[in-house]
Amino acid sequence: MTRQSIDIPLNKIIWEPFPAPSDGFVENIQHEGMRQPIEVAREGEMFRIRDGRRRAMAAKKLMWETLPGFVGEASDKKGAIVTLSLNLHRSPNIGSELK
């Protein structure tokens, strides 16, 4: 089954403290666009980011109104496990963040 992304309004995201993306990362998003939708969990009318915080923060810095995202439910245990797995295996710095 193929998932469809939807446009997530940035003003509906629950923003948690997270280091700002590098200028190089933001410039890449500006020039190349969003290649991979973020993953969010729906919490009422709001969305909590599960994967893609740097991408979402870059979009916010670029003053986008929306960004593409896949939506799961807050109680979606499988989604929470995937998020934990992604973050455990991810390097603290992505290559574009090292500029």
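Residues numbered from 1 in each chain as written. Predicted model: local features only at pLDDT ≥ 70, side-chain atom pairs only at ≥ 80, totals over all residues. Heavy atoms only, no water.

### Regarding helix H2 (residues 53–61)
For step 1, the next point in the chain: Residues of H2 that are buried: Arg54, Arg55, Ala56, Met57, Ala58 and Ala59.
For step 2, the next point in the chain: Following H2 by one or two positions, Met63 has its phi on the positive side, about 65°. (Buried < 20%, exposed > 50% of the residue type's maximum accessible area, 1.4 Å probe, protein only. Helix = DSSP H or I, 4+ residues; strand = E, 2+ residues; numbered from the N terminus.)

### As for helix H1 (residues 23–32)
For step 1, the next point in the chain: Here H1 has its buried residues at Gly24, Phe25, Val26 and Ile29.
For step 2, the next point in the chain: In the core, the buried residues of H1 are packed alongside H2. (Contact = heavy atoms within 4.5 Å.)

### What about the pattern of salt bridges?
For step 1, the next point in the chain: On inspection of all chains with the given rule, the structure shows six salt bridges.
For step 2, the next point in the chain: A salt bridge links Glu16 to Arg53, with the nearest nitrogen and oxygen atoms 3.9 Å apart. Residue Glu16 is found in the loop between strand S2 (13–14) and H1, and its partner Arg53 is found in helix H2; the two are separated by 37 residues along the sequence.
For step 3, the next point in the chain: The salt bridge partner of Glu32 is Arg35, with a shortest N-O separation of 3.1 Å. (Salt bridge = Lys/Arg side-chain N within 4 Å of Asp/Glu carboxyl O.)

### Some points on the packing of H1 against H2
For step 1, the next point in the chain: At their nearest, the axes of H1 and H2 sit 9 Å apart, and the two run at 75° to each other. Relative to H2, the element H1 lies roughly perpendicular. Facing Asp23, Phe25, Val26 and Ile29 of H1, the residues of H2 in contact are Arg54, Arg55, Ala58 and Lys61.
For step 2, the next point in the chain: When the residues that make up the contact of H1 with H2 are grouped by side-chain class, the tally is four nonpolar, no polar and four charged. (Axes fitted to C-alpha atoms, helices over the stretch in contact; angles between N-to-C directions. Parallel < 35°, antiparallel > 145°, perpendicular 65-115°, else oblique. Nonpolar A, V, L, I, M, F, W, Y, C, P; charged D, E, K, R; others polar.)

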